[in-house]
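# Descriptive analysis of the structure
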Amino acid sequence: MLRFDKKLNLESSSGTPYNFLNVICNTCKVQMAQTQAEIDALTNGKETLGIYTDNDIETYRDLLFYVAQVLGCVCQINREGKLQLIPYGKTPVRTVEAKHRYDSSYSDFVTRYTAISSTNKIKEESEYYALEPDDGLTMNLGVNPLLQFGLKTTRARLLNAILKAISVVEYVPFDSNTIGNPALEPLDCLVFSGGHADDSAPRRRVQVA
């Protein structure tokens, strides 16, 4: 990811998320793990985005962050050294039974998102979109330069799509020491069973370092 820490002098530009990602990767000499069709299939993947002169993007890494945010994804360098954008999900890849862990501690609440907010820099106001019922956390996107221009209906469509993408998040914060598994990837979702983490408990997402 350090390759993206390169100075970016961008006055104005427009294109699809793939267009921006392609320029970022070609300039910083990093291969993309996904094809254009795969990027287009992501949240807001086929939208045309615009950046104008008044922006605070300083590096290609900044721009990459903003593109990933619009796509409702997290970006990482995969095992092959390629840039990969990973959408949020909750499909478990493995069940961790009591015999596979040494100790564990679980919170008594479920983390989930039911609202999203984004700052409209031109109007200097925060735009808020929520699901019904709105009884979860709110993800604050701050000032994303890719979400500053266009009709309000366009912004609403983009932001509601991001909200839909992150609303799948449903996990219980926890700490656990388990038998290691080098096959696990960042954002992989695990289910813990047995003991106080019974089979009916909400799925737990593991962040693999």
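Quick note: structure is the one above.
The sections below set out a description of the structure shown in this document.

Assigned secondary structure in the chain consists of four helices and 13 strands. Seen through its principal axes, the chain has C-alpha atoms that stretch 55 × 40 × 25 Å. The buried share among the 209 residues of the chain stands at 42%. Surface summary for the chain: the accessible area is close to 11500 Å², and the carbon and sulfur share equals 49%. Once the 22 positive and 25 negative side-chain charges of the chain are each reduced to a mean point, those two points are 5 Å apart.

All right, on to the pattern of salt bridges then. Scanning the model with the defined rule gives eight salt bridges in all. Lysine 82 is paired through a salt bridge with glutamate 80; the nearest N and O atoms lie 3.7 Å apart.

Turning our attention to the side chain of aspartate 188. Note that aspartate 188 resides in the loop between strand E11 (174-178) and strand E12 (189-192). Lacking a salt bridge, the buried aspartate 188 has arginine 79 as its closest oppositely charged neighbour, with an N-O distance of 6.8 Å. Among the polar contacts made by the side chain of aspartate 188, one reaches the main-chain amide nitrogen of glutamate 185 at a distance of 2.5 Å.

Our next topic: the nonpolar core. In terms of nonpolar packing, the biggest core is built from 40 residues, with Leu21, Ile39, Leu63, Leu71, Leu83, Leu85 and Leu146 touching the most fellow members. Within the residue set of this core, elements represented by two or more residues are helix H1 (17-28), strand E2 (49-51), helix H3 (60-70), strand E4 (83-87), strand E7 (111-120) and helix H4 (152-166). Top contributing element to this core by residue count: H3, with seven residues. Residues within four places of leucine 21 in sequence aside, it is in contact with Met32, Ile39, Leu64, Val67, Leu71, Leu83 and Leu85. If you look at the next biggest cluster of nonpolar residues, it comprises seven residues, including Tyr106, Val172, Phe174 and Phe192.

Conventions adopted
- Residues numbered from 1 in each chain as written.
- Predicted model: local features only at pLDDT ≥ 70, side-chain atom pairs only at ≥ 80, totals over all residues.
- Heavy atoms only, no water.
- Helix = DSSP H or I, 4+ residues; strand = E, 2+ residues; numbered from the N terminus.
- Buried < 20%, exposed > 50% of the residue type's maximum accessible area, 1.4 Å probe, protein only.
- Areas by Shrake-Rupley, 256 points an atom, 1.4 Å probe, with all protein chains shown as cover.
- Lys, Arg positive; Asp, Glu negative; His and termini not counted.
- Charge placed at Lys NZ, Arg CZ, Asp CG, Glu CD.
- Salt bridge = Lys/Arg side-chain N within 4 Å of Asp/Glu carboxyl O.
- Polar contact = N/O pair within 3.5 Å; in protein donor to acceptor, adjacent residues only side chain to side chain.
- Core = buried A, V, L, I, M, F, W, Y, C linked by side-chain atoms within 4.5 Å.
- Contact = heavy atoms within 4.5 Å.

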